[in-house]
Amino acid sequence: MHAHEGRYGVLKRYIDKETRVMYPAKVIRNRLHGEWFLENINHEIAVLMLFTSSKRIVRLHAVYRCLASTSLIFEYAAGGDLQKLLEKQATWRFPEEKVKVCMREILRGVRELHMLCIAHLDLKPQNILLMGDDIEDGIKLCDFGLTRMVGNGVHDVCDLAGTPDYAAPEVLRYTPLSISTDIWSLGVIAYVILSGHSPFGADTREETYDNVLRHRLSFPDSLFGNISRDAINFIQSTIVMDPRGGSPTTNIVPHAQFPDAPTKPKVSRKGLSSEQQNNSGHHRGAWQ
C-alpha cells in the first residue's frame, strides 16, 4: 500500500491480495472535518453512482465507512492524470491532433453530466485521468466533490468553486452557476494543452481574477502561429462573456469541434500582457 497526504485526507493505493488488481483510494478522516464536508462526500458518492456504467467517468469501486474515516475506492488509471502527461512534454503542450482527440473525449464525458443537469465546476487537467499510457488509450473525468445540480427548476446555485485559472466569471462574481460554467473551463483546458500557457494566469490570484473578469484573452503568434483557425475558433466559442458577465447559457456542449483535417494558417494576434504571464507552477509563464 502506498499513501500521500491530500488536501482533505490521505490518497492511497491498495492491491487486492487475490486478484493483484490495484485500486486508488481517497480516505477522509471524519473527525477532522465538519458535517458539511461529510455531506459533500455523500454528494460525491451519489453523483458517481449515477455513472457506474460510463466509459468516460471514473468508476467508484466501493465505499468503506467506519467511525474514524470514510474510504472511496476507485478504478485504477494507469496513466495518472492529464497534467502529469503535459508536464512530461518538452514544450508543455500537445500536438493539435492529440488535443483534438483529448477534447472530444472530455466533451463526451461532460455531456453525460450535463444531460442530468450536473455541473462539474472543477474541470482542469488534474481532474482528467488517463486509462493507459497516452490520451488515445482513453480518458475519464474524476473528482466530483464540487459538482452541483443546476438548471431544470433547481434553485440558483452560487459557489466559489474550482481553480482560479480555469474558473468562469460567474464563479468569481458569486453569481448563479449553470452547466455553461463548465464550458468556459473546457476552453481554458484547450488553450493550455495547445499552447503550454494559461490564458489568464498571473503572478497573484487577484491578477488572475482580474484577467478573467476583464476577459483578457489573446492568441499571440509565438504560441498559436502554427495552430489552425478551427482550434482557435473552438476556444473562442467557449471562453465567451455574455452581456451579463458570465459564460454563454446556450450550446451546452459546443459542437464546433476540431475538424478531422485541420489546416494551419498563420494567425497574427497581439501578445500576452505582463499580467497574463503565469507563475502558478501549473503552466509555464510567458517569459520562460
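Calculation notes
- Residues numbered from 1 in each chain as written.
- Predicted model: local features only at pLDDT ≥ 70, side-chain atom pairs only at ≥ 80, totals over all residues.
- Heavy atoms only, no water.
- Helix = DSSP H or I, 4+ residues; strand = E, 2+ residues; numbered from the N terminus.
- Buried < 20%, exposed > 50% of the residue type's maximum accessible area, 1.4 Å probe, protein only.
- Contact = heavy atoms within 4.5 Å.
- Areas by Shrake-Rupley, 256 points an atom, 1.4 Å probe, with all protein chains shown as cover.
- Axes fitted to C-alpha atoms, helices over the stretch in contact; angles between N-to-C directions.
- Parallel < 35°, antiparallel > 145°, perpendicular 65-115°, else oblique.
- Left-handed = near helix turned anticlockwise from the far one by under 90°.
- Nonpolar A, V, L, I, M, F, W, Y, C, P; charged D, E, K, R; others polar.
- Core = buried A, V, L, I, M, F, W, Y, C linked by side-chain atoms within 4.5 Å.
- Expected span 1.5 Å × (residues − 1).
- Arc of directions from axis to C-beta.
- Salt bridge = Lys/Arg side-chain N within 4 Å of Asp/Glu carboxyl O.
- Phe/Tyr/Trp six-rings, centres within 6.5 Å; stacked < 30°, edge-to-face > 60°.
- Polar contact = N/O pair within 3.5 Å; in protein donor to acceptor, adjacent residues only side chain to side chain.

**Regarding the overall build of the chain**
- Within the chain, the secondary structure is distributed over 8 helices and 9 strands.
- When the 288 residues of the chain are sorted by exposure, 49% land in the buried category.
- A sequence separation of at least 24 residues applies to 67% of the contacts in the chain between residues at least 6 apart.
- Just so you have it, the chain exposes about 14,100 Å², and 51% of that area is on carbon and sulfur atoms.

**Notes on the packing of helix α3 (residues 96–115) against helix α5 (residues 180–195)**
- Across the interface, α3 lies against α5 with an axial gap of 10 Å and an inter-helix angle of 165°. The orientation of α3 relative to α5 falls into the category roughly antiparallel. Here the hand of the crossing between α3 and α5 comes out right-handed. On the side of α3, the interface is formed by Glu96, Val99, Cys102, Met103, Ile106, Leu107, Val110 and His114, while α5 contributes Asp182, Ile183, Leu186, Ile189, Ala190, Ile193 and Leu194.
- Tallied by class, the residues present in the contact of α3 with α5 amount to 12 nonpolar, 1 polar and 2 charged.

**A few points about the nonpolar core**
- Among the nonpolar cores identified, the biggest contains 67 residues, and Met103, Ile106, Ile193 and Ile235 are the most heavily contacted of them.
- With 10 residues, α5 is the largest single contributor of residues to this core.
- Counting residues in each nonpolar core, the second largest holds 5 residues, with Ala25, Val27, Ala62 and Ile73 among its members.

**Here's the deal with the environment of leucine 82**
- Along the chain, leucine 82 turns up in helix α2 (residues 82–87).
- Assessed through its relative accessible area of 0%, leucine 82 is described here as buried.
- As for leucine 82 and isoleucine 193, which are separated by 111 residues in sequence, their C-alpha atoms are 9.3 Å apart.

**A look at helix α1 (residues 35–49)**
- If you check α1, its first and last C-alpha atoms are 21 Å apart, about what 15 residues at 1.5 Å a residue would give, namely 21 Å.
- Among all positions in α1, only Phe37, Asn40, Ile41, Glu44, Ile45, Val47 and Leu48 are buried. Summarising the axial view, the buried residues of α1 lie within an arc of 165°, below the 170-degree limit, and thus occupy one face. Every exposed residue of α1 that faces more than 90 degrees away from the buried side is listed here: Glu35 and Trp36.
- If you follow the buried residues of α1, they end up packed against β3 (22–29), β4 (60–65), β5 (69–74), β6 (118–119) and β9 (148–149).

**Quick notes on the pattern of salt bridges**
- The full count for this structure, using the stated rule, is 12 salt bridges.
- Between glutamate 105 and arginine 108 there is a salt bridge whose closest N-O contact spans 2.6 Å. Here the residue glutamate 105 and the residue arginine 108 both occupy positions in helix α3, the gap between them amounting to 3 residues, near one helical turn.
- With a relative accessible area of 18%, glutamate 105 lands in the buried category.
- Note on arginine 108: relative accessible area 36%, which makes it partly exposed.
- Notably, a salt bridge pairs lysine 124 with aspartate 122, separated by 3.9 Å at the nearest N-O pair. Aspartate 122 shares its class with lysine 124; the two are buried.

**Focus: the packing of aromatic side chains**
- Enumeration over the complete set of coordinates arrives at 4 aromatic pairs.
- Both rings, one in tyrosine 191 and one in phenylalanine 219, keep their centres 5.6 Å apart while their planes meet at 50°; by these two values the pair is tilted. Placement of tyrosine 191 in helix α5 and of phenylalanine 219 in the loop between α6 (205–213) and α7 (221–224) is noted, with a sequence separation of 28 residues between them. Each member of the pair tyrosine 191 and phenylalanine 219 is classed as buried.
- An aromatic cluster is built from Tyr191, Phe219 and Phe224, whose rings are joined through pairwise contacts.

**Topic: α3**
- If you check α3, its first and last C-alpha atoms are 28 Å apart, about what 20 residues at 1.5 Å a residue would give, namely 28 Å.
- One or two residues past the end of α3 sits cysteine 117, with phi positive at roughly 60°.

**A word on the side chain of lysine 140**
- Relative to the helices and strands, lysine 140 is located in strand β8 (residues 139–141).
- For lysine 140, a relative accessible area of 7% gives the class buried.
- A polar atom in the side chain of lysine 140 sits 2.7 Å from the side chain of glutamate 75.

**Notes on unusual backbone geometry**
- Notably, leucine 121 is not glycine yet its phi reads approximately 70°, a positive angle.
- Note that leucine 121 resides in the loop between β6 and β7 (128–130).
- Looking at leucine 121, the relative accessible area reads 7%, which means it is buried.
- Notably, tyrosine 174 is not glycine yet its phi reads approximately 55°, a positive angle.
- As for its position among the elements, tyrosine 174 is in the loop between α4 (169–173) and α5.
- Residue class for tyrosine 174 comes out partly exposed when judged on its relative accessible area of 48%.

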